[in-house]
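Listed here are the chains, written in short residue letters.
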Amino acid sequence: MDDSYVPPPGRSIDIELGGQEVITIDLDNLDPNPEDVLDLLKDGQCKMSVWTKLAGEYWRRGYLDAAEKIANSAIESFQTNGSSESPQPVYTLLANLQIAHARKAPKMILTNARQDIMTKEKPKEHYHREAAQYLNIGERVGAESGEGVGGTLAFLTRGIQQLATRSMDDALRSFEGVLAEKPTNVVALLGKARILYARRNYKESLKLFQDILRYNPQCIPDPRIGIGLCLWAMDHKAKAKAAWERSLEVNPSEWAAQLLLGIETINGSKGDQVSESEKTYAIHTGTKYIEQAFKANQKSAAAANALCGIFLAKGNYNMALKLAERTIQFADTLSLLTEGYIRAGRVSHAKGDVEQATSFYMSAVEGQPKHVVAAIGMAQMQMQNDEMAAAIHTLDTLIQAPNPQRSLAATVMLASLRAYPRPGVSSSDLAQEKDRAKGLYERVTKGLEIEETRANGGRLNATLQMISDDVDMHAEIARLWQEESLDRMSKALKDALKISEGNDQVDPRLLNNLAALQHLEGHLAEARSMYEGALTGLAGLIPDVTEGMSTSILYNLGRVYEDQGEENLAKDAYEKLVSRHPEYVDAKVRQAHMLAKLNLHNDAHELLKQCLASQNGNLDLRAFYTHFLIQSNSHKVAKDFVFATLKEFDKHDVYSLCACSAIMYHQARESREATPKAIDERKRNFQRAAEFYEKALQLDPLCAFAAQGLAIITAEDALGTLGGAMPSGTSSASEEGQKRVLNAREALDVFAKVRESIHDGSVYLNMGHCHYARDEFDRAIESYETASVRFYNGQNVPVLLCLCRSWYAKATKDQSLLAMDNALRYAQMALHIQPNDKAIVYNIAMIQQKAAEMLNAVPPAKRTLKDLQRVLDQASHAQKLFTSLANDKSPMVPYSREIADERRKYGDNVLRRGNEALAVQKQFEAEAQARLEAARTKRQEERERQEALERVRIEKQRLEAEKITEDRRIAREQAVEWTREVRMESDEEKERKPKKTRKPKAEGVSGDEAEPKKKRRGKLKKTASEQGDEDQAVFSEDEDMEKPAKKRTTKKRVVRDEDDEEAAGPRKKQFKSKAMLSDTDDEM
């Protein structure tokens, strides 16, 4: 029973005193003090129903203590008077009163509450225990009195008590027991609906709430509240709001509807599409709703929790803390209790009371370890207490199995904590922590991308937008990836720069780092602009801070000038750096490099010697000097210098190891001596080169240059045939081919990994070579295309010739004219870049001749006359090229003149066969065209024939339909005519019927007359049957079989049809009941 129920007015109850006097009590104007009423009840020795009715009225008016006093007095009065009436209903009423008390009692009492102190209140558990005792006493009394232990009221009370104590299964059994006897019991339906809602069975719960509303539209509590909650849970938000608005309209004082509408209105104001005026109005309206709800029921934990959030946002921390403590003490669900602890923790945190906030957050986490806000709050308190490991554990527990929570905010916090170096953490553990941080940040970025996709161009919610716009997060991601992936680092820095530009607060260091990445990727104009912007941004900073930053940025800017070809600007930048810092060797190294490009090797060498004199142990400087020596073709000096680096400074220097391997591989590959000693030396150098590469990979498993060097050694079989270890004559061609394919496969695996690290066309070129060696021409073409377009802008002749070769091999293998055309196109592109290269001219002539030869051999069905004519024209052009090449008088040509002349002679045969193929192709295409026209004509004729048949069929169907319609119309007209004739004959018979004299009743019916009546009755049935057979086209079989339902007391004569008279024989009279005629007429 709900306390807010207000009974209708105009009700009263009569109490008899001594059988003479009757006192009427107006139930609408009850005195809060029940003493007078108690005296009347005791004096009148009223029935139990009167006591309970008055107690119930006091309960409904909110006078719980008075109602309880009346109920207890009823028990005492009945015990004193020795009444035989069972007091079980009173005990049930007392149980309900205890449940009503429990609704207003706190669930738990905070002993350390600071604002909402309730130490003098009794908890809900006390009242529930009292209710259970009263129910048990009532059942015992009922059993002793012989009335039984239960009843509808007892079952409902027991179910309500079990529902209040969260004994869902027992409560459901109690309510279903009531519904089994009375399926429309509203209280039982309400209880069952609430249980189903708590179990998330929203569909069935909604159905029950709707049934309740249909059975009792004025039901209190309003089922519209439950309908709205179910609809909201089923994502029908608009319908849910409409249900709550209707509830508030019907019951203006209903606090639950006001609370729900207030929360919905405030949440709706948080949308991105809401204007500021609409947002202000929504917040004001929602706050008003929530305040009214809390005023109507100040013991509602949900209302207190909602209002606490409003006061917390306003900064009224004392009132917010009081409401949070009210939420904690009156919460009857775990989720609401956790919300109360979290709000109390937030208030304490805002007030600076870290200890109290930690206590509240700890209580929230203990109740719900997977609650996101509670875990984040707890982690923040642990961080403030410098307990980083504990904070990591708290957040890790939140997002790890079982039941991992997908919170991007918690994930970002955990990733940042793991990336942050902590005291007492070893370098290996720190590396593992950084790897975990990378994985967490990767999860965050993917989550943001998914949310942005869902937003479909719209703005994310406030929390996600704050995470997405966090510059420090993106900068930290860039730092984590700077040693492993420049692409990911670049993406993170670009995101950070985009956000900082939107905030008009660009950090010069951010611009410098992003410019360096743009520089590495070859985007020189963008890098230059960013470097210059970074230098400009230093103007407003402190000089002590800007000195080091300006030096680095100016050096990087000089590098960009240098790469852009702005030699003078680069020279000025380096001179400024050297003038400021004379020992800045990086600037001097760049000056030496610029001098070397101008072939001023001696000047460059002098600068590098100066650098080495000042910083001889600088490994970067020694690496550049090694490169300088190799580029100067001083391989022997470079070899000695790099061995000195490995021996004297760092034997584990990866660059020196790779340089040593490259030098030794170059020397071995360029060695052409065929003596046994030279072959052994060559083999030994190849082996040592491989060993140095392998050692470099051991020291740095991610060294892409070493990996590519080993892959080249594998692909070229440098340790086998190329190295002289296995002469080619010792193995068959098939074995060599298989070995070549296997080596290429192994090399490809390495190149595929190297490709992720080295942004250079040589990797793709090497991959193309491996695919070509494996006869995978399509993949070879793909690799060559990537190298040509991405790195060489289509201007690298060797790559173009590799593409030409691959397309030519594919065309020969697949007999594809399209592939041959592509091969010709790439050869012509190479010739356009190097017009004097006669080897390319020879290749073009060869491709043109091969295309004609290939198309001549193709069946006519797989070629066209146009293509055949085109390739024959190209073959004619090839003849001219071969003639020119064969007659070339140059002393050195990159081809054989004899082979060119043989190709010219072979071309004559190709052209002759081509002319024959032209004639055959023309005849074939003419015949194919004729067959096509004949088939087209035949299809057209067949289509016309089918259309004619279809028209005939449709016309036939139309005529049949018209005939059926006409037949039905005639049948209806005949039925109407027959009906009219039968009625006319019946009317004429009635007019001819003679009037009979009425015999006295005393005379009765003689035995002679009774017999003929029986015979006539039998004859009548027969006649009716015969008539039914005649008229079966008009009347249905069911109509023929109908019999009169009433006993016939009179008979009337009817005139039979002549057909009936013939069928009846010599009999002259025939009778038919009036009931029979009446039924038949109605059916007609």
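Residues numbered from 1 in each chain as written. Predicted model: local features only at pLDDT ≥ 70, side-chain atom pairs only at ≥ 80, totals over all residues. Heavy atoms only, no water.

- The protein chain has the name RNA polymerase II-associated protein in an unreviewed UniProt entry, where Crucibulum laeve is given as its organism.

## Brief notes about the overall build of the protein chain
Here is step 1 of the chain: In terms of helices and strands, the protein chain carries 47 helices and four strands.
Here is step 2 of the chain: Looking at the protein chain as a whole, 40% of its 1084 residues are labelled buried.
Here is step 3 of the chain: For the protein chain, the share of sequence-separated contacts (at least 6 apart) that also reach a separation of at least 24 residues comes to 56%. (Helix = DSSP H or I, 4+ residues; strand = E, 2+ residues; numbered from the N terminus. Buried < 20%, exposed > 50% of the residue type's maximum accessible area, 1.4 Å probe, protein only. Contact = heavy atoms within 4.5 Å.)

## Structural notes on the nonpolar core
Here is step 1 of the chain: Core analysis: the biggest nonpolar cluster contains 70 residues, and Ile15, Ile25, Leu41, Trp51, Leu54, Leu94 and Phe175 have the highest contact counts within it.
Here is step 2 of the chain: Core analysis: the second largest hydrophobic core is formed by 59 residues, Trp481, Leu493, Tyr531 and Tyr584 among them. (Core = buried A, V, L, I, M, F, W, Y, C linked by side-chain atoms within 4.5 Å.)

## Here's the deal with the UniProt feature "repeat: TPR" (unreviewed entry) in the protein chain
Here is step 1 of the chain: The UniProt feature table records "repeat: TPR" (unreviewed entry) at residues 338-371 and 551-584.
Here is step 2 of the chain: Strand forms 0% of residues 551-584 and helix 79%; the C-alpha atoms that close the span are 10 Å apart. (UniProt positions renumbered as here; feature names shortened; annotations may be inferred.)

## A few points about the packing of aromatic side chains
Here is step 1 of the chain: Taken as a whole, this structure holds 14 aromatic pairs when the rule is applied.
Here is step 2 of the chain: Relative to Phe641, the ring of Tyr625 has its centre 4.8 Å away and its plane inclined at 75°; by these criteria the two rings are edge-to-face. Remark: Phe641 occurs in helix 32 (residues 635-649) and Tyr625 occurs in helix 31 (residues 619-631); sequence separation between them is 16 residues.
Here is step 3 of the chain: By relative accessible area, which is 14% here, Phe641 ends up buried.
Here is step 4 of the chain: Each residue in the set Tyr555, Tyr574 and Tyr584 is aromatic and connected to the rest through ring pairs, giving one cluster.
Here is step 5 of the chain: Positioned over the ring face of Trp481 is Lys438, at 5.0 Å from the centre of the ring.
Here is step 6 of the chain: Sitting over the face of the ring of Tyr826, Arg825 holds its NZ or CZ atom 4.5 Å from the ring centroid. (Phe/Tyr/Trp six-rings, centres within 6.5 Å; stacked < 30°, edge-to-face > 60°. Lys NZ or Arg CZ within 6 Å of the ring centre and 35° of its normal.)

## A word on the pattern of salt bridges
Here is step 1 of the chain: Applying the stated rule across the entire model yields 45 salt bridges.
Here is step 2 of the chain: In this structure, Lys963 and Asp967 form a salt bridge, with 3.2 Å as the shortest nitrogen-oxygen distance. Here the residue Lys963 and the residue Asp967 both occupy positions in helix 43 (residues 897-992), the gap between them amounting to four residues, near one helical turn.
Here is step 3 of the chain: Look at the salt bridges and you will find they share partners, linking Asp396, Arg418, Arg422, Glu433 and Arg436 into a network. (Salt bridge = Lys/Arg side-chain N within 4 Å of Asp/Glu carboxyl O.)

## Regarding the side chain of Asp222
Here is step 1 of the chain: Among the secondary structure elements, Asp222 is positioned in the loop between helix 9 (202-215) and helix 10 (223-233).
Here is step 2 of the chain: What makes Asp222 buried here is its relative accessible area of 3%.
Here is step 3 of the chain: Within the structure, the side chain of Asp222 is placed 3.1 Å from the side chain of Asn251, a separation counted as a polar contact.
Here is step 4 of the chain: Dropping the residues within four chain positions of it, Asp222 is found in contact with Ser247 and Asn251. (Polar contact = N/O pair within 3.5 Å; in protein donor to acceptor, adjacent residues only side chain to side chain.)

## Some words on unusual backbone geometry
Here is step 1 of the chain: Ile220 connects to Pro221 through a cis peptide bond whose omega is 5°.
Here is step 2 of the chain: Mapped onto the fold, Pro221 is located in the loop between helix 9 and helix 10.
Here is step 3 of the chain: Residues other than glycine seldom take positive phi values, yet Asp775 does so here, at roughly 60°.
Here is step 4 of the chain: On the secondary structure map, Asp775 appears in the loop between helix 37 (761-773) and helix 38 (777-791).

## Considering the environment of Gln923
Here is step 1 of the chain: With respect to the secondary-structure elements, Gln923 resides in helix 43.
Here is step 2 of the chain: It is 9.6 Å that separates the C-alpha atoms of Gln923 and Pro860, two residues lying 63 residues apart in sequence.

## Observations concerning the state of the cysteines
Here is step 1 of the chain: Counting across every chain of the model gives zero disulfides.
Here is step 2 of the chain: Just so you know, Cys804 is unpaired, no disulfide at all, and the nearest cysteine sulfur is the one on Cys802, 9.7 Å from it.
Here is step 3 of the chain: Here Cys804 falls in the buried class, since its relative accessible area comes to 6%. (Disulfide = S-S within 2.5 Å.)

## Considering helix 19 (residues 388-399)
Here is step 1 of the chain: The end-to-end C-alpha distance of helix 19, which contains 12 residues, comes to 17 Å, matching closely the 16 Å that a straight helix rising 1.5 Å per residue would cover.
Here is step 2 of the chain: Listed in full, the buried residues belonging to helix 19 are Ala391, Ile392, Thr394, Leu395, Leu398 and Ile399. The arc that holds every buried residue of helix 19, seen down its axis, measures 160°, which confines them to one face. Of the residues in helix 19, the exposed ones pointing more than 90 degrees away from the buried face are Ala389 and His393.
Here is step 3 of the chain: Among the structural elements, helix 18 (372-384), helix 20 (408-419) and helix 21 (427-455) are those in contact with the buried residues of helix 19. (Expected span 1.5 Å × (residues − 1). Arc of directions from axis to C-beta.)

## Quick notes on the packing of helix 10 against helix 12 (residues 255-268)
Angle between the axes and distance between the axes are the two parameters that describe a pair of packed helices.
Here is step 1 of the chain: Packing of helix 10 against helix 12 leaves a shortest axis separation of 10 Å and a crossing angle of 30°. Taken together, the axes of helix 10 and helix 12 lie roughly parallel to each other. Judged by the twist between their axes, the crossing of helix 10 over helix 12 is left-handed. Contacts between helix 10 and helix 12 pair Ile225, Leu229 and Trp232 from the former with Ala256, Ala257, Leu260 and Glu264 from the latter.
Here is step 2 of the chain: When the residues that make up the contact of helix 10 with helix 12 are grouped by side-chain class, the tally is six nonpolar, no polar and one charged. (Axes fitted to C-alpha atoms, helices over the stretch in contact; angles between N-to-C directions. Parallel < 35°, antiparallel > 145°, perpendicular 65-115°, else oblique. Left-handed = near helix turned anticlockwise from the far one by under 90°. Nonpolar A, V, L, I, M, F, W, Y, C, P; charged D, E, K, R; others polar.)

## Brief notes about the packing of helix 3 (residues 64-81) against helix 4 (residues 88-103)
Here is step 1 of the chain: At a minimum axis separation of 10 Å, helix 3 and helix 4 run at an interaxial angle of 160°. Relative to helix 4, helix 3 is oriented roughly antiparallel. As helix 3 packs across helix 4, the resulting crossing turns out to be left-handed. Residue-level inspection shows Leu64, Asp65, Ala67, Glu68, Ala71, Asn72, Ala74, Ile75 and Gln79 of helix 3 in contact with helix 4, the latter providing Val90, Tyr91, Leu93, Leu94, Leu97, Gln98, Ala100 and His101.
Here is step 2 of the chain: Here the contact of helix 3 with helix 4 is built from residues that sort into 11 nonpolar, four polar and two charged.

## Observations concerning a positive patch on the surface
Here is step 1 of the chain: Residues Arg103, Lys107, Arg166 and Arg194 make up a contiguous surface patch of positive charge.
Here is step 2 of the chain: Structurally, Arg103 can be placed in helix 4. (Patch = residues over 30% accessible without salt bridge, like charges linked within 9 Å, V, L, I, M, F, W, Y side chains within 5 Å. Areas by Shrake-Rupley, 256 points an atom, 1.4 Å probe, with all protein chains shown as cover. Lys, Arg positive; Asp, Glu negative; His and termini not counted. Charge placed at Lys NZ, Arg CZ, Asp CG, Glu CD.)

## Re helix 4
Here is step 1 of the chain: For helix 4, with 16 residues, the first-to-last C-alpha span of 23 Å sits near the 22 Å given by 1.5 Å per residue.
Here is step 2 of the chain: By the criterion of burial, helix 4 is predominantly enclosed, with 14 of the 16 residues buried.

## Points about the environment of Ala379
Here is step 1 of the chain: Looking at the secondary structure, you find Ala379 in helix 18.
Here is step 2 of the chain: A sequence separation of 21 residues divides Ala379 from Thr358, and the C-alpha atoms of the two residues are 9.2 Å apart.
Here is step 3 of the chain: Not counting residues up to four positions away in its chain, the partners in contact with Ala379 are Ala391, Thr394, Leu395 and Met413.

## Structural notes on the confidence of the model for the protein chain
It should be kept in mind that the predicted coordinates are not to be read in detail where pLDDT is low.
Here is step 1 of the chain: Averaged over every residue, the pLDDT of the protein chain is 81; residues scoring 70 or more account for 86%.
Here is step 2 of the chain: The secondary structure element of the protein chain with the lowest average pLDDT is helix 47 (residues 1074-1083), at 38, and the one with the highest is helix 10, at 94.
Here is step 3 of the chain: Considering only residues more than four positions removed or in separate chains, one finds that residues 1-6, a stretch of pLDDT under 50, has 13 contacts.
Here is step 4 of the chain: The low-confidence segment residues 725-730 (pLDDT under 50) makes seven contacts with residues lying over four places distant or belonging to another chain. (pLDDT = per-residue confidence, 0-100.)

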